[in-house]
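Next come the chains, spelled out residue by residue.
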There are 2 protein chains.
Amino acid sequence: MTQANEPMTQDTMTIREMCDLFDVTPRTLRFYESKELLFPIREGQKRLFTRRDRARLKLILRGKRFGFSLEEIRQLLDLYYAGDQQATQLSRTLDVAAERLADMERQRAELDLAINDLKSQISLVEDMLTHITGHKDAAE
Amino acid sequence: MTQANEPMTQDTMTIREMCDLFDVTPRTLRFYESKELLFPIREGQKRLFTRRDRARLKLILRGKRFGFSLEEIRQLLDLYYAGDQQATQLSRTLDVAAERLADMERQRAELDLAINDLKSQISLVEDMLTHITGHKDAAE
DNA sequence: AGAGAAGCTTACGTTGACGTAAATGGAACG
DNA sequence: CGTTCCATTTACGTCAACGTAAGCTTCTCT
């Protein structure tokens, strides 16, 4: 095992390194820890983030881009990291995940609708524009 | 006396009728007015919502389902109701809409990824479950 | 006339996801 | 040795999108 504390294989990262890597603030990482989304280990006072934390943070940030709440994300993370859970817990988590999946597919359907609507509106307005400007091309 | 109101063409609605029709609260409608998303006319003190307001509210609620902010929705509404705008305004609005569209398509792509990820995670955990429970079917 | 019901305005409260400031402490540098 | 730089904790501030309560008018029904 290469668990050397020395910098050869740097398995853990400081808060600053994390911030630079993921483009978040220290506040955000501490906040996520307080909400039990991350579990950095401590070296004295200071936090050290493991690759596990990095994997989780990656998923957290992706979840956020869809508008999932941190609480919802926490549940998804539980799913991802549920290797040693009990079967009953697991199947309950599966239910949560299935619901989430249904939500996401609904959302995708609506998103598709909205995309098409927006597209047609855009071309509609483009037509108006060419007409207004004396049916010449309206590009600058 | 049951008021037949004014003409037989009742194309304005009271705040309560609006609330019932769209399942929102009065507070919400007043709030949207204060944010210039709706423009009900006034009969004395009271608000009267036109079909234009109803069309806008419909779009507002749809936009909200995607997680658009009210401010973003306001911009989209400007697009929808830009019939009498200037060409320059219109083309600037088109830019906004094009950006939004790009956002939505990015979001759609990510959502697709996430859906697939989640699906595979789910079946993965399902397999774990059947294994844990002694490779019998793990109903309930 | 009195009691509701419905609407209005004003304004403070709430939740989620952090921002930001203040006070503190160890480490590195010149 | 003092200064600067990170990091930490504690705690109040913020923004969006309303909720909710207080207090006032106005209409309607009995």
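Residues numbered from 1 in each chain as written. Chains lettered and ligands numbered in written order. Predicted model: local features only at pLDDT ≥ 70, side-chain atom pairs only at ≥ 80, totals over all residues. Heavy atoms only, no water.

### A word on the interface of chain B and chain A
Every contact between the two is made by 37 residues of chain B and, on the other side, 37 residues of chain A. Counting each side, the surface lost to burial between chain B and chain A is near 3,600 Å², with a carbon and sulfur contribution of 76%. Counting the contacts that link chain B with chain A gives four residue pairs in polar contact (both at pLDDT 80 or more). Looking at the side of chain B that touches chain A, the elements with two or more residues in it are α3 (51–65), α4 (70–80) and α5 (87–132) of chain B. If you tally residues by element for the side of chain B that touches chain A, the top one is α5 of chain B, at 27 residues. Residue classes in the side of chain B that touches chain A are distributed as 21 nonpolar, six polar and ten charged. (Contact = heavy atoms within 4.5 Å. Buried area = accessible area lost by both parts, 1.4 Å probe. Polar contact = N/O pair within 3.5 Å; in protein donor to acceptor, adjacent residues only side chain to side chain. Helix = DSSP H or I, 4+ residues; strand = E, 2+ residues; numbered from the N terminus. Nonpolar A, V, L, I, M, F, W, Y, C, P; charged D, E, K, R; others polar.)

### A word on the packing of helix α1 (residues 15–22) of chain B against α3 of chain B
Residues and elements named next belong to chain B. Taken N-terminus to C-terminus, the directions of α1 and α3 make an angle of 40 degrees; their axes are 12 Å apart at the nearest point. Accordingly, the angle class assigned to the pair α1 and α3 is oblique. In this structure, the crossing between α1 and α3 has a hand that is right-handed. Touching Met 18, Leu 21 and Phe 22 of α1 are Arg 54, Leu 57, Lys 58 and Leu 61, all from α3. Per-class residue counts for the contact of α1 with α3 are five nonpolar, no polar and two charged. (Axes fitted to C-alpha atoms, helices over the stretch in contact; angles between N-to-C directions. Parallel < 35°, antiparallel > 145°, perpendicular 65-115°, else oblique. Left-handed = near helix turned anticlockwise from the far one by under 90°.)

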